[in-house]
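# A structural walkthrough
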Amino acid sequence: MSIPWAVGQEPQTQAIAQNDDVVRARQQVRAFAQQCKLSLVDQTKFITAASELARNTLVYGGGGAMRAGLVEREGRRGVAAVFEDSGPGIADTELALTDGWTSGSGLGLGLSGARRLVDEFFLDTEEGQGTTVSIVKWAR
């Protein structure tokens, strides 16, 4: 999935290697959500989804990185975040995307919860090859 980053606005990268990085990732997406002028409800949804995915990157992927920034497509503006790790990947994506399924840690939202909170959600994973999750929230 190719993210339509806003012209002239390169996404920012945040390493995710420790708990403090999850906080920094959340702060970074909050700033972009505010800059994009998302409603307070949509900001909260996007920040919550990003927080869950950043935590997953750290806990299950062994760390990685997040790229976040403003996006544009067909006259619409939004905010996007891409989470990448080189961890073990997700063996059963169907199970991982099942509503209510959780591994028992994290915020309890799971991937399905994060997917429900955003407008676009893309999961690319292969066992032994890591995981990439991309999310987008469009301004209304």
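Residues numbered from 1 in each chain as written. Predicted model: local features only at pLDDT ≥ 70, side-chain atom pairs only at ≥ 80, totals over all residues. Heavy atoms only, no water.

All right, on to the side chain of D85 then. Within the secondary structure, D85 is located in strand β3 (residues 76-85). A distance of 2.8 Å separates the side chain of D85 from the backbone nitrogen of G87, its partner in a polar contact. Discounting residues that sit within four places of it in the chain, D85 has contacts with T57, G61, G63, G64, Q129, G130 and T131. (Helix = DSSP H or I, 4+ residues; strand = E, 2+ residues; numbered from the N terminus. Polar contact = N/O pair within 3.5 Å; in protein donor to acceptor, adjacent residues only side chain to side chain. Contact = heavy atoms within 4.5 Å.)

Below, the discussion takes up the nonpolar core. Of all hydrophobic cores here, the largest spans 31 residues; its most connected members are V29, M66, A81, F83, F121 and I135. Listed by contribution, the elements that provide at least two residues to this core are α1 (19-35), α2 (40-59), β2 (64-73), β3, α4 (110-117) and β5 (130-138). Broken down by element, the residue count for this core peaks at seven residues, all from α2. When sequence neighbours within four positions are dropped, the list of residues in contact with F83 reads I16, A50, L53, A54, T57, A65, M66, T131, T132, V133 and I135. Residues I3, V71, V136 and W138 belong to the second largest nonpolar core, which totals six residues. (Core = buried A, V, L, I, M, F, W, Y, C linked by side-chain atoms within 4.5 Å. Buried < 20%, exposed > 50% of the residue type's maximum accessible area, 1.4 Å probe, protein only.)

Our next topic: the environment of V79. Residue placement: V79 occurs in strand β3. Along the primary structure V79 and P11 are separated by 68 residues, whereas in three dimensions their C-alpha atoms are 10.0 Å apart. Discounting residues that sit within four places of it in the chain, V79 has contacts with F32, A33, C36, L38, F46, G69, L70, V71, I135, V136 and K137.

What follows deals with the pattern of salt bridges. Tallied over the entire structure, the rule returns eight salt bridges. R73 is the partner of E120 in a salt bridge, and the nearest nitrogen-oxygen pair spans 2.7 Å. Placement of E120 in strand β4 (residues 120-126) and of R73 in strand β2 is noted, with a sequence separation of 47 residues between them. For R73, a relative accessible area of 28% corresponds to the partly exposed category. K137 serves as the salt-bridge partner of D119, at 3.6 Å between the closest nitrogen and oxygen. You can see D119 sitting in the loop between α4 and β4 and its partner K137 sitting in strand β5, a full 18 residues away along the chain. The class of K137 is buried, set by a relative accessible area of 3%. Within this structure, D42, D119, K137 and R140 form a network of salt bridges that share partners. (Salt bridge = Lys/Arg side-chain N within 4 Å of Asp/Glu carboxyl O.)

A few words on the packing of α2 against α4. The N-to-C vectors of α2 and α4 enclose an angle of 150°; their axes lie 8 Å apart at closest approach. The orientation of α2 relative to α4 falls into the category roughly antiparallel. Handedness of the crossing formed by α2 with α4: left-handed. Residues K45, T48, A49, E52, L53 and N56 of α2 touch α4, and the partners they reach there are G110, L111, A114 and L117. Along the lines of polarity and charge, the residues of the contact of α2 with α4 split into five nonpolar, three polar and two charged. (Axes fitted to C-alpha atoms, helices over the stretch in contact; angles between N-to-C directions. Parallel < 35°, antiparallel > 145°, perpendicular 65-115°, else oblique. Left-handed = near helix turned anticlockwise from the far one by under 90°. Nonpolar A, V, L, I, M, F, W, Y, C, P; charged D, E, K, R; others polar.)

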